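Understanding the architecture of this molecule
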Amino acid sequence: MELQTPKNGVIGTDMPVRDAALKVTGQFKYVGDMTLPHMLHAKVLFSPVAHARIKSIDISQAEQLEGVRAVVCWKNAPDALFNSCGEEIDGEKTERVFDSTVRYVGDKVAAVAAETAKIAEQALKLIRVEYEELPYYLEPEDALKEGAYPIHKDSNVIEEVVQEAGDVEKGMAEADYIYEDDFETPAIHHGAIETHTSLAVYESSGKLTVYTPSQDVFGHRTNLSRIFGLPMSRVRVVNPGIGGGFGGKIDMVTEPVTALLAMKTGRPVRLVYTRREDIPSSRNRHSMKLHLKTGMKKDGTIVAQEMDVIVNAGAYAGGTMSIVWAMSGKYFKNHKTPNLRFHAVPVYTNTPVAGAMRGFGSPQEFFAQQCQLNRIAKDLGMDIIQLQLKNLVEPDGFDQRDGLPHGNPRPIDCVLKGMELSGYEEAVREQEAAADSRYRIGVGMAVAAHGNGVFGVRPDTTGVIIKMNEDGTAVMFTGVSDMGNGSVTTQTQVVSEILGIPMSHIECVQADTDATLWDMGNYSSRGTFVSCSAALKVAGQVKTELLKEASGLLKVDESELDLKDQRVYCTFRPDTSASLAEVIKYAKQAHGRDICCADTFASCAMAVSYGAHFAKVQVDMENGSVKVLDYTAVHDIGKALNPMGVEGQIEGAVQMGIGYALTEGFILDDKGKVKNTTLKQYHMLNAQEMPPIKVGLVEQIEQSGPFGAKSIGECSVVPVAAAVANAVSNAVGKQVKRIPVRPADVMKLIES
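Because the structure is a prediction, the values reported are computed rather than measured.

1. Digging into the pairing of strand β14 (residues 302-314)
- Across the 13 residues that make up β14, a large majority, 11, are buried.
- Both strand β13 (residues 288-296) and β14 contribute to a ladder of 9 bridges, which runs antiparallel. From the neighbouring strand, Met296 faces β14, where its bridge partner is Ile302.
- In the sheet, β14 pairs with strand β15 (residues 339-348) via 10 bridges, with the strands oriented parallel. What sits directly across from Gln305, in β15, is Leu340.

Shown next as structure tokens:
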């Protein structure tokens, strides 16, 4: 698709998300706010043990409780195996709606639908379950041991992944120095304000409708169709809005339960997880253990590197393989190292289910890579900036595996701009001046990459419909699910720019499998790069149709017409014009037609986004507390379609990443139960703990992106943990290899 140049003043302008007013005034209705006539309330009984067969389950007393309308468990649920992640829908199938075996503390055992949530909770206490406990494994290394009891089938390994370029052994042999380190990252909660929820309706006609804050309504439709043996025309999945996703709402969690209960009762059923239920029983970021070996030349050139990763998948396959394969690809995007190898072993354990989370494995692998690079720079007597500039990919950079270009990569520009914006050299002098004080200053930085879409892996498509109304306004139908990140807002900006219509005159119907064209799902940083390209393509078609009709109305050749301010005008005679309403009226009267276009955009390129982050921290050497004093994030984003939206995404990502580095992580007891299941116990950073954040943008056009743009939502979180960890390392003089680095961990470093 030809690169477009914006000229109507919409692209590149700050725009709040289109439903901001509804949200801040409390008028926006999330699924948890929705009520329907005769609606029932559902609650789930979760497993108290890490691994067991259900020897017996007695639901009779619960069924007899007044107000209870249905109780479901493995005995009266479909037996179909499925994979809850739409991206892996035909991959490893390990889940059932309910299973006769539970595989982690928090697994689903049964569910109740009742007239009130309180009655449903009372009914759960009446369900009698006898468990036959099985061997359980909380660490992947234990699940990998010879003779370990298989959690699924005959092996606890899902599928090993190896990707390589060049000759790693030869590169290591040619290196002057070899560095080897082991790193560890935790499982963390997505922390969306809205917990997992769904509302299902089953009509007497046999139509199942599920309202859910899903990032993948079409994947959900396919899964529900298969589980319940319904044709897709009898399954409708609608996303009214998402109160935060971050990858955690790609997989089905509550939807099969509400669907089953609605089909059993013939009444609408809503299930809303509490936070105590959501943290252990939805999805989390994969915990990982990473071994990194790097071969260096004396001058700081990386000649070879290999990464071995053990990935904790948790109890079910879900999206694990998508994350591992995505990691394997991004490993080859950051540096121009000629000899590289990536090896990952994803392992089932009896812990909460891991899945997609903002970054798709990148925060883990770049934490390891960038932290080791910080150590190497010190050992070689080089500034980390010098080492980065020597090894980062350049604008003509390419993937060492296949020679495919990275698009227009600008990590070097990000580093140089970040140095200036952060006052890096002055901050390093502060670090040196505080080297002997109680309150040490540490300055750290990291550079990381993230892709745009899944081109080259599978067809990457989004469909859009745009219909013109008689008054010149428009309705856009998009399969995209806006997660609060502004994806639909940006699509609307694109339509506004091309058609010359104010944003306020464009209505949007989003993520409804009966009304919108197919969309692959809202993940893999597709929002700008792919979905906005779809909007651009279809808006261009609508423009062509409008100009064709206007040509007949105005008696001017189409090539001499353009759109602006809700009018079609002649480019060399601006006084010759017609309103869009007049053009549409003419189309109906003269040709008996509506102006409506529908099409699908298939991405045919892979671009890579980059970011360079700089953190300045203060470390109390007496108690190990860490305070982030200042933070700078610079990103290579091609073209900022909505600068306000871009900055908001970066600032939110920094908050998420600092928490990942310093405070967040599941704490399990020796039986596999998550102990920190409230936000107070879990400790995401609050506003008072956040530093000032400076945001810088490198805008060098990406030819394959809409108006030259590429993604920001995921890339912005990837370098954060490494930058903060490196700052702590530089403050205390000891390398951080494991996050979160809480005060007790800092003290261990200091004392080691």
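2. Quick word on the nonpolar core
- The biggest cluster of nonpolar side chains holds 91 residues, and the ones touching the most others in it are Met307, Val309, Phe342, Tyr631, Ile658 and Val724.
- Of the residues forming this core, the biggest block, 10 residues, is contributed by helix α19 (residues 720-732).
- Those residues in contact with Val309 that lie beyond four places of it in its chain are Met288, Lys289, Leu290, Met327, Phe342, His343, Ala344 and Val345.
- Grouped together as the second largest cluster of nonpolar side chains are 45 residues, Ile11, Ala550, Ala587 and Ala709 included.

3. Comments concerning the pattern of salt bridges
- Applying the stated criterion to the full structure yields 48 salt bridges.
- With a closest N to O distance of 3.0 Å, Arg341 and Glu306 form a salt bridge. Of this pair, Arg341 sits in strand β15 while Glu306 sits in strand β14, and the two are 35 residues apart along the sequence. Take Arg341 and Glu306: they sit in the same class, and that class is buried.
- Several salt bridges converge on common partners, so that one network encompasses Asp79, Arg96, Asp99 and Arg103.

4. Here we look at the domain arrangement of the protein
- According to the domain assignment, the protein consists of domain 1 (17-26 + 458-600), domain 2 (33-133 + 192-243 + 248-277) and domain 3 (282-451 + 605-749).
- A straight line from the C-alpha centre of domain 1 to that of domain 2 covers 38 Å.
- Across the boundary between the two partners, domain 1 contributes 20 residues, which contact 16 residues of domain 2.
- When the area that domain 1 buries against domain 2 is broken down by residue, the three leading residues are Thr513, Asp514 and Tyr523, summing to 37%.
- One can count 2 salt bridges joining domain 1 with domain 2.
- A salt bridge links Lys207 to Asp514, with the nearest nitrogen and oxygen atoms 2.8 Å apart.
- The tally of links from domain 1 across to domain 2 stands at 8 residue pairs in polar contact (both at pLDDT 80 or more).
- Taken together, the residues of the side of domain 1 that touches domain 2 sort by class into 6 nonpolar, 9 polar and 5 charged.

5. A look at the sheet that holds strand β3 (residues 68-73)
- Ordered in space as β3-β5-β1-β12-β9-β10-β11, the 7 strands form an open sheet in which the pairing is mixed. The sheet terminates laterally at β3 and β11 (235-238), the two strands that pair on one side only. Adjacent strand axes in the sheet meet at a mean angle of 20 degrees, parallel and antiparallel pairs treated alike.
- As paired strands, β3 and strand β5 (residues 108-114) are joined by 5 bridges and run antiparallel to one another. Residue pairing in the sheet places Ala70 in a bridge with Ala113 of β5.
- Contacts from helix α3 (residues 117-124) reach β1 (40-46), β3 and β5 within the one sheet, and its direction differs from that of β1 by about 30 degrees.

6. Examining the packing of helix α15 (residues 527-554) against helix α16 (residues 580-591)
- Running from N to C, α15 and α16 cross one another at 80 degrees; their axes reach a closest spacing of 9 Å. With respect to α16, the axis of α15 lies roughly perpendicular. Between α15, through Leu546, Glu549, Ala550, Gly552 and Leu553, and α16, the contact on the second element is made entirely by Leu580, Glu582, Val583, Ile584, Tyr586, Ala587 and His591.
- Partitioning the contact of α15 with α16 into residue classes produces 8 nonpolar, 2 polar and 2 charged.

7. Regarding the packing of aromatic side chains
- By the definition in use, this model includes 10 aromatic pairs.
- Ring geometry for Phe666 and Tyr682: centres 6.4 Å apart, planes at 75 degrees, overall edge-to-face. On the criterion of sequence distance, the pair formed by Phe666 in the loop between α17 (643-662) and α18 (679-682) and Tyr682 in helix α18 is long-range, its members being 16 residues apart.
- For Phe666, a relative accessible area of 14% translates into the label buried.
- Members of the aromatic cluster, connected to one another through ring pairs, are Tyr331, Phe332 and Phe342.
- Sitting above the plane of the Phe28 ring, Lys23 keeps its charged end 5.4 Å from the centroid.
- One cation-aromatic arrangement involves Arg285 over Tyr660; the distance from NZ or CZ to the ring centre is 5.2 Å.

8. A short note on unusual backbone geometry
- In the segment running from Ile739 into Pro740, the intervening peptide bond is cis, with an omega of 5 degrees.
- Within the element layout of this structure, Pro740 appears in the loop between α19 and α20 (743-751).
- A positive phi is found at Lys153, a non-glycine position, where the angle reads about 50 degrees.
- Relative to the helices and strands, Lys153 resides in the loop between α4 (140-144) and β7 (161-165).
- On the basis of relative accessible area, Lys153 is assigned to the exposed category, the value being 64%.

9. As for the sheet that holds strand β23 (residues 596-602)
- Strands sit in the order β19-β18-β17-β23 across an open sheet of 4 strands; the sheet is mixed. A single partner strand is all that each edge strand has here, and the edge strands are β19 (506-510) and β23. The mean inter-strand angle of the sheet, taken between neighbouring strand axes irrespective of direction, is 20 degrees.
- Sitting on the sheet, α15 touches β17 (461-468) and β23, and the angle it makes with β23 is about 145 degrees.

10. Some remarks on the side chain of Asn334
- Tracing the backbone shows Asn334 in the loop between α9 (320-330) and β15.
- By relative accessible area, Asn334 is classed as buried at 0%.
- If we ignore the near neighbours within four places in the chain, the residues touching Asn334 are Phe366, Gln369, Gln370, Asn391, Leu392, Val393, Val447, Ala448, Ala449 and Tyr610.

11. Describing the side chain of Asn350
- For Asn350, the location among the structural elements is in the loop between β15 and α10 (362-380).
- A distance of 2.9 Å separates a polar atom in the side chain of Asn350 from the backbone oxygen of Arg103.

12. Some words on α9
- Buried residues dominate α9, accounting for 9 of its 11 residues.
- Buried residues of α9: Thr320, Met321, Ser322, Ile323, Val324, Met327, Ser328, Gly329 and Lys330, and no others.
- Of the surrounding secondary structure, the elements contacted by the buried residues of α9 are β7, β13, β14, β15, α10 and β16 (439-451).

13. Let's talk about the packing of helix α6 (residues 217-228) against helix α7 (residues 255-265)
- Where α6 meets α7, the closest approach of the two axes is 11 Å, and the angle between their N-to-C directions is 45 degrees. Our classification of the angle between α6 and α7 gives oblique. The chirality of how α6 crosses α7 is right-handed. On α7, the residues touching His220, Leu224 and Phe228 of α6 are Glu255, Pro256, Ala259, Leu260 and Met263.
- Within the contact of α6 with α7, the residues separate by chemical class into 6 nonpolar, 1 polar and 1 charged.

14. Considerations on the state of the cysteines
- According to the stated counting rule, one finds 0 disulfides in the structure shown.
- Not part of a disulfide, Cys371 finds its nearest cysteine sulfur in Cys715, a span of 17 Å.
- No disulfide involves Cys532; its nearest neighbouring cysteine sulfur is the one of Cys508, lying 11 Å away.

Cut-offs used in this document
Residues numbered from 1 in each chain as written. Predicted model: local features only at pLDDT ≥ 70, side-chain atom pairs only at ≥ 80, totals over all residues. Heavy atoms only, no water. Buried < 20%, exposed > 50% of the residue type's maximum accessible area, 1.4 Å probe, protein only. Helix = DSSP H or I, 4+ residues; strand = E, 2+ residues; numbered from the N terminus. Pairing = 2+ DSSP bridges. Core = buried A, V, L, I, M, F, W, Y, C linked by side-chain atoms within 4.5 Å. Contact = heavy atoms within 4.5 Å. Salt bridge = Lys/Arg side-chain N within 4 Å of Asp/Glu carboxyl O. Domains from an automatic or database assignment. Buried area = accessible area lost by both parts, 1.4 Å probe. Polar contact = N/O pair within 3.5 Å; in protein donor to acceptor, adjacent residues only side chain to side chain. Nonpolar A, V, L, I, M, F, W, Y, C, P; charged D, E, K, R; others polar. Axes fitted to C-alpha atoms, helices over the stretch in contact; angles between N-to-C directions. Parallel < 35°, antiparallel > 145°, perpendicular 65-115°, else oblique. Phe/Tyr/Trp six-rings, centres within 6.5 Å; stacked < 30°, edge-to-face > 60°. Lys NZ or Arg CZ within 6 Å of the ring centre and 35° of its normal. Left-handed = near helix turned anticlockwise from the far one by under 90°. Disulfide = S-S within 2.5 Å.

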